[in-house]
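Structural characterization, general
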Amino acid sequence: LLVSYRDHEIGPGHSARVLLDDFARLEQLTTVRLAALTVAGVGELLRSTALDPVRVHTLTGGNPFFVTEVVKEPDLPLPTSVRDAVLARTVPVSPTDVEVLQLVACAPDRLDDRALPALGVDLPTLRRLDRTGLLIRSRDGLVFRHELARQAVESTIPPGGAPQLHARLLAALEQIDPPDPAVLTHHAVGARDSARATRYARAAIFSRVGKQTE
């Protein structure tokens with residue numbers, strides 16, 4: 001008997017937990033964990049295209065489905081099939097929680113954990129979003145599991161909505177000590193706040209110069 005499943009989609013309360021417990025007790029059980037494709041593996045799939053394997057690997061995280069779909073539509077920055085697959089995971093999510101996903105999508109590097117309370121993101125919200133399988137925790141913050149997933153959610157932000165999302169992120173991140181002027185510059189530019197963008201850009205430059213002279 002061969003059984004396959006996506007382990008990151010099975011949370012503590014998932015109905016499959018009982019079945020997995022039964023499997024774990026089997027003496028003849030063999031578990032094979034599938035790793036993401038390497039850059040070389042991505043390169044094999046891209047042989048018929050002019051795409052850069054390193055860039056595609058960065059965008060897809062080595063996800064075989066994403067890579068295959070990119071090969072089918074190499075001229076599109078975001079394959080339609082990938083966008084549809086990602087957005088299908090947001091169907092059960094409330095509009096309020098989708099807005100949180102859009103906030104994370106506006107922070108390509110990561111959304112700092114410390115900004116979550118100021119954004120009104122509580123533990124129940126994080127539990128609900130975790131069930132989508134779209135987010136992971138990395139470098140003290142929330143990021144999308146794959147860059148293409150981030151782009152798919154970012155594409156759902158309505159016209160004129162991005163500046164408001166960046167303004168919320170900017171206000172929340174300004175409360176963090178010490179602040180990251182480079183990140184604040186990114187969100188100030190996104191919020192179309194030229195005065196704060198200029199101020200934080202100067203701070204980011206001075207901070208980088210200071211580190212180089214240490």
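Residues numbered from 1 in each chain as written. Predicted model: local features only at pLDDT ≥ 70, side-chain atom pairs only at ≥ 80, totals over all residues. Heavy atoms only, no water.

The next subject is the overall build of the chain. Counting its regular elements, the chain contains eleven helices and three strands. Considering only C-alpha atoms, the chain reaches an extent of 65 × 45 × 45 Å along its principal axes. Looking at the 214 residues of the chain, the share that counts as buried comes to 36%. As displayed, the chain has an accessible area near 13500 Å², and 56% of this comes from carbon and sulfur atoms. In the chain, the 25 positive side-chain charges and the 26 negative ones have mean positions that sit 2 Å from each other. (Helix = DSSP H or I, 4+ residues; strand = E, 2+ residues; numbered from the N terminus. Buried < 20%, exposed > 50% of the residue type's maximum accessible area, 1.4 Å probe, protein only. Areas by Shrake-Rupley, 256 points an atom, 1.4 Å probe, with all protein chains shown as cover. Lys, Arg positive; Asp, Glu negative; His and termini not counted. Charge placed at Lys NZ, Arg CZ, Asp CG, Glu CD.)

Turning our eyes to something else, we now look at the sheet that holds strand β1 (residues 111-112). Here three strands make up an open sheet; going across it, the order is β1-β3-β2 and the pairing antiparallel. In this open sheet, the two strands that pair with only one neighbour each are β1 and β2 (135-138). As defined by bridge partners, β1 adjoins strand β3 (residues 141-144) across two bridges and the pair is classed as antiparallel. Across the sheet, residue D112 finds its bridge partner in β3, namely G141. (Pairing = 2+ DSSP bridges.)

Glancing now at the confidence of the model for the chain. Chain-level statistics for the chain give a pLDDT mean of 90 and a share of 97% at 70 or above. Taking the mean pLDDT of every element in the chain, the minimum, 83, falls on helix α11 (residues 194-213) and the maximum, 97, on helix α9 (residues 162-173). (pLDDT = per-residue confidence, 0-100.)

The peptide bond linking D177 to P178 adopts the cis configuration, its omega dihedral lying at 0 degrees. Here P178 shows up in the loop between α9 and α10 (181-190). In the Ramachandran plot, R192 falls in the positive-phi region, its phi being about 60 degrees despite a non-glycine side chain. Here R192 shows up in the loop between α10 and α11.

Turning to the packing of aromatic side chains, a few remarks are in order. Summed over the entire model, instances satisfying the criterion amount to one aromatic pair. Measuring from ring centre to ring centre gives 5.8 Å for F65 and F66, while their planes differ by 50 degrees; the resulting arrangement is tilted. Residue F66 is classed as buried on the basis of its relative accessible area, which comes to 6%. Seen from the ring of Y200, R199 lies directly overhead, with NZ or CZ sitting 4.9 Å from the centre. (Phe/Tyr/Trp six-rings, centres within 6.5 Å; stacked < 30°, edge-to-face > 60°. Lys NZ or Arg CZ within 6 Å of the ring centre and 35° of its normal.)

Side chains G141 and V143 of β3 all project onto a buried face; the interleaved residues L142 and F144 project onto the opposite face, where all are buried too. Pairing between β2 and β3: four bridges, direction antiparallel. Looking at β3, one finds that S138 is bridged to G141.

Residues of helix α4 (residues 64-72) that are buried: F66, V67, E69 and V70. Take α4 and look down its axis: the buried residues cluster within an arc of 165 degrees, on one side only. Buried residues along α4 sit in contact with α2 (39-45), α3 (53-60), α5 (80-88) and α8 (147-154). Put simply, N63 is the residue that caps the front of α4, since its side-chain oxygen is 2.9 Å from the backbone nitrogen of F65. (Arc of directions from axis to C-beta. Contact = heavy atoms within 4.5 Å. Polar contact = N/O pair within 3.5 Å; in protein donor to acceptor, adjacent residues only side chain to side chain.)

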